[in-house]
Amino acid sequence: MRLPFVAVACAALLCAQEPATDLQTPSADWASSAVGAWKFRAIGPAMCSGRIVDLAIDPVDDSRWFVAAASGGVWRTDNGGTTFEPVFESQSSYSIGCVAIDPSNRHTIWVGSGENNSQRSVSWGDGVYRSRDGGKTWQNAGLKNSEHIGRIAIDPTDSNTVWVAAQGPLWKAGGERGVYKTSDGGATWQHVLEISEHTGVNEVHLDPRDPNVAYASAYQRRRHVWTLINGGPESAIYKTTDGGATWRKLDNGLPSVDKGRIGLAVSPVDPDVLFAIVEAQRGKGGTFRSTDRGESWSKMSGKVSSSPQYYNELVCDPHSVDTVYCLDTYLSLIHI
């Protein structure tokens, strides 16, 4: 039995040890028996670098990970988490929002700087970085005024085509916010989805069958000393089918009230199936599913994360189309 590694926003990375002997053969109720019996141990690097906000697993060697810390740079392990090495210490940003490995070239790593949550203590970054040698050296690839990067999606058919979800500055309007796309490896960027000076984009996802089809979750928020305005009428889900040239909202079945942070996931088992975890006012939020590429949505439960400004992220199970994981202080399993 093997659980998928996911981008966990938590206090530390944890590694599961072997379960008890009598649970070596998983029962039908594996979620409550075998997994529940596993023992976890802290493996870092969060002890000295703050929250872990993202991780990327080498598609060829699953003992090689790149781990992003909210306020501690990027770390690499080559032995499945036994030891970690910092690989981002010489860069001008220490706050990280996301990390991604090029699916066509495991030595090309993309990093979005700037922690992607809305807490008072959040630190900002100075754009997107790229390494072509597995993290040994880095180049800043632009978007320096984005301050907080939510997610990076790399075209699996073209390494030079990269999509970036930029939340934008937290404490002020403007900056670089929305969806940006490069077709030349970061030399230039096109602002393909712009909502307003107050609203950025939290996540962007590509359809694995057609990288011209992309989904993005807009996130309207503003931090002040005395409060967080965590949502508004501009938070929404958008879709493009022409590589970002045009976009339209997907709202059939989603809450019509003001929304906050929205997490998205595209099932790798059946990319027609999408999941969204939606923060919304008046108790309208929850976890929603679409079986027609986002054209209509059904509310499956009232599940949202304990603190959506930090979390509200979903990861689909790579084997079961009906299973999705909710990233939170405690990882939650949602079985539809």
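Residues numbered from 1 in each chain as written. Predicted model: local features only at pLDDT ≥ 70, side-chain atom pairs only at ≥ 80, totals over all residues. Heavy atoms only, no water.

Examining the sheet that holds strand E24 (residues 313–316)
Then comes step 1: Reading across the sheet, the three strands line up as E24-E25-E26 and stay open at both edges, with antiparallel pairing between neighbours. Looking at strand neighbours, the two that pair on one side only are E24 and strand E26 (332–335), the edges of this open sheet. Within the sheet, the average angular offset between the axes of one strand and its neighbour, ignoring direction, is 30°.
Then comes step 2: Pairing of strand E25 (residues 323–327) with E26 involves four bridges; the strand directions are antiparallel. Within E26, the residue paired with Thr323 across the bridge is His335. (Pairing = 2+ DSSP bridges. Helix = DSSP H or I, 4+ residues; strand = E, 2+ residues; numbered from the N terminus. Axes fitted to C-alpha atoms, helices over the stretch in contact; angles between N-to-C directions.)

Observations concerning the sheet that holds strand E13 (residues 178–182)
Then comes step 1: Ordered by their spatial adjacency, four strands build an open sheet running E11-E12-E13-E14, and the pairing between neighbours is antiparallel. Every interior strand has two partners, whereas the edge strands, strand E11 (149–154) and strand E14 (190–193), have only one. Adjacent strand axes in the sheet meet at a mean angle of 25° when their direction is disregarded.
Then comes step 2: In this structure, strand E12 (residues 162–166) lies alongside E13, joined through five bridges in antiparallel fashion. In the strand pairing of E13, Trp163 is matched with Lys181.

Focus: the pairing of strand E9 (residues 128–131)
Then comes step 1: Here E9 shows two buried faces, one formed by Val128 and Arg130 and the other by Tyr129 and Ser131.
Then comes step 2: One ladder, built from four bridges, connects strand E8 (residues 109–113) with E9; its direction is antiparallel. Along E9, the bridge assignment pairs Val111 with Tyr129.
Then comes step 3: Note: E9 against strand E10 (residues 139–140), two bridges, orientation antiparallel. (Buried < 20%, exposed > 50% of the residue type's maximum accessible area, 1.4 Å probe, protein only.)

Focus: a nonpolar patch on the surface
Then comes step 1: A cluster of nonpolar side chains, Trp171, Val225 and Trp226, forms an exposed patch at the surface whose accessible area comes to about 430 Å².
Then comes step 2: Here Val225 shows up in the loop between strand E16 (210–223) and strand E17 (228–230). (Patch = residues over 30% accessible without salt bridge, like charges linked within 9 Å, V, L, I, M, F, W, Y side chains within 5 Å. Areas by Shrake-Rupley, 256 points an atom, 1.4 Å probe, with all protein chains shown as cover. Salt bridge = Lys/Arg side-chain N within 4 Å of Asp/Glu carboxyl O.)

Re the pattern of salt bridges
Then comes step 1: Using the criterion set out here, one finds 14 salt bridges in the structure.
Then comes step 2: A salt bridge links Glu295 to Arg248, with the nearest nitrogen and oxygen atoms 2.7 Å apart. Placement of Glu295 in the loop between strand E22 (286–290) and strand E23 (298–301) and of Arg248 in strand E19 (residues 248–249) is noted, with a sequence separation of 47 residues between them.
Then comes step 3: Exposure remark for Glu295: the relative accessible area of 31% places this residue in the partly exposed category.
Then comes step 4: Note on Arg248: relative accessible area 40%, which makes it partly exposed.
Then comes step 5: Within the structure, one salt-bridge network assembled from shared partners comprises Asp207, Arg209, Asp272 and Arg293.

Let's talk about unusual backbone geometry
Then comes step 1: Look at Leu143: it is not a glycine, yet its phi comes out positive at around 60°.
Then comes step 2: With respect to the element layout, Leu143 can be found in the loop between E10 and E11.
Then comes step 3: Looking at Leu143, the relative accessible area reads 5%, which means it is buried.
Then comes step 4: The residue Arg282 is not glycine, and still its phi comes out positive at about 60°.
Then comes step 5: Following the sequence through the fold, Arg282 ends up in the loop between strand E21 (274–280) and E22.

Topic: the environment of Asp272
Then comes step 1: Within the secondary structure, Asp272 sits in the loop between strand E20 (259–266) and E21.
Then comes step 2: On the accessibility criterion, Asp272 (22% relative accessible area) is partly exposed.
Then comes step 3: In sequence terms Asp272 and Glu295 are 23 residues apart; their C-alpha atoms lie 10.0 Å from each other.
Then comes step 4: Leave out the neighbours within four places in its chain, and Asp272 touches Arg209, Ser290, Thr291, Asp292 and Arg293.
Then comes step 5: A polar contact is formed between the side chain of Asp272 and the side chain of Arg293, at a distance of 2.7 Å. (Contact = heavy atoms within 4.5 Å. Polar contact = N/O pair within 3.5 Å; in protein donor to acceptor, adjacent residues only side chain to side chain.)

This is a description of form; function is not addressed.
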